[in-house]
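Topology and contacts: notes
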Amino acid sequence: RRIAIENASFYVPAPVATMDEASFIRAVLEAADCDLHLDVNNVYVNSVNHGYDPVEFLKAMPTERIVYLHIAGHYNEADDLIVDTHGADVIDPVWALLDETYRLHGVAPTLLERDFNIPPLATLAGEVARIAHAQQAHAAHEQNAAAS
């Protein structure tokens, strides 16, 4: 069975980086001939922690290998340090990146991650409904574009 690897959040840059994160992920996908489980929250976390443009990162990901998405909340330790905790509500910049991911790469199955600080079911259901709404909007746009 073909596997998919996830882009991980990381907090310390490689001591001698010969390629950026996006290039590294593409190289691994190619060498392992596997798919990508794209964690949109990790893109946001790493973009803040390591000072890069998250949309440019998304543009660099190979559409044909993206099979699954994650979205989650995180903890702001400092202005330039975010910890991927899955213990908070999804914030607007991450929602915007999810929307941009759908626009760039199309709709893929998307999981809302929440590992602790579990809110009432209605709150979680609202976030899941927001994912479904975004997927429906982008799927309709893709269908309209294909029909044109």
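Higher on the page you've got the structure.
Residues numbered from 1 in each chain as written. Predicted model: local features only at pLDDT ≥ 70, side-chain atom pairs only at ≥ 80, totals over all residues. Heavy atoms only, no water.

**Quick look at a nonpolar patch on the surface**
Together, Tyr11, Val12 and Leu81 give the surface a local cluster of nonpolar side chains, amounting to about 270 Å² of exposed area. Inspection of the secondary structure puts Leu81 in strand E5 (residues 81–83). When its relative accessible area of 30% is taken as the criterion, Leu81 is described as partly exposed. (Patch = residues over 30% accessible without salt bridge, like charges linked within 9 Å, V, L, I, M, F, W, Y side chains within 5 Å. Areas by Shrake-Rupley, 256 points an atom, 1.4 Å probe, with all protein chains shown as cover. Salt bridge = Lys/Arg side-chain N within 4 Å of Asp/Glu carboxyl O. Helix = DSSP H or I, 4+ residues; strand = E, 2+ residues; numbered from the N terminus. Buried < 20%, exposed > 50% of the residue type's maximum accessible area, 1.4 Å probe, protein only.)

**What about the packing of helix H4 (residues 92–105) against helix H5 (residues 121–147)?**
Remark: H4 packs on H5, axes separated minimally by 10 Å, with the N-to-C direction vectors making an angle of 30°. Relative to H5, the element H4 is oriented roughly parallel. Both H4 and H5 take part in a crossing whose hand is right-handed. On the side of H4, the interface is formed by Asp92, Trp95, Leu98, Asp99, Tyr102 and Arg103, while H5 contributes Glu127, Arg130, Ile131, Ala134, Gln135, His138 and Glu142. In the contact of H4 with H5, the residues fall into five nonpolar, two polar and six charged. (Axes fitted to C-alpha atoms, helices over the stretch in contact; angles between N-to-C directions. Parallel < 35°, antiparallel > 145°, perpendicular 65-115°, else oblique. Left-handed = near helix turned anticlockwise from the far one by under 90°. Contact = heavy atoms within 4.5 Å. Nonpolar A, V, L, I, M, F, W, Y, C, P; charged D, E, K, R; others polar.)

**What to know about the pairing of strand E4 (residues 75–78)**
As judged from the three bridges shared by E4 and E5, these two strands associate in the antiparallel manner. In the strand pairing of E5, Ala78 is matched with Leu81. (Pairing = 2+ DSSP bridges.)

**Considering the sheet that holds strand E1 (residues 4–6)**
The strands that make up a sheet pair up through hydrogen bonds in the backbone, lying either parallel or antiparallel. The strand order E1-E2-E3-E6 describes an open sheet built from four strands, whose pairing is parallel. Two strands close off the open sheet at either side, each with one partner strand: E1 and strand E6 (110–113). With direction set aside, neighbouring strand axes in the sheet form an average angle of 25°. Here strand E2 (residues 35–39) runs beside strand E3 (residues 66–72); their pairing, made up of four bridges, is parallel. Considered in E3, the bridge of Leu38 is made with Leu69. The strands touched by H4 within the sheet are E2, E3 and E6, with E3 carrying the most contacts at an inclination of about 170°.

**Describing unusual backbone geometry**
Despite not being glycine, Asp33 shows a phi value in the positive range, around 50°. Along the chain, the position of Asp33 falls in the loop between helix H1 (21–32) and E2.

**Looking at the nonpolar core**
In terms of nonpolar packing, the biggest core is built from 28 residues, with Leu38, Met61, Ile71 and Leu98 touching the most fellow members. Elements that contribute at least two residues to this core include exactly H1, E2, helix H2 (40–50), helix H3 (54–60), E3, H4 and H5. In this structure, Leu38 is in contact with Asn7, Val43, Phe57, Leu58, Met61, Ile66, Tyr68, Leu69, His70 and Thr101, ignoring residues within four places of it in sequence. (Core = buried A, V, L, I, M, F, W, Y, C linked by side-chain atoms within 4.5 Å.)

**Concerning the pattern of salt bridges**
Scanning the entire structure with this criterion turns up eight salt bridges. Of the charged contacts in the structure, one is a salt bridge between Arg65 and Asp33, with a shortest N-O distance of 3.3 Å. Here the residue Arg65 occupies a position in the loop between H3 and E3, and Asp33 occupies one in the loop between H1 and E2, the gap between them amounting to 32 residues. Across the salt bridge formed by Lys59 and Glu56, the nearest N and O atoms sit 3.4 Å from each other. Placement of the pair is Lys59 and Glu56 together in helix H3, with a separation of three residues, close to one helical turn. Using a relative accessible area of 46% as the deciding quantity, one classes Lys59 as partly exposed. According to the relative accessible area criterion, Glu56 is partly exposed, its value standing at 43%.

Without other data, these values stay purely geometric and don't point to any function.
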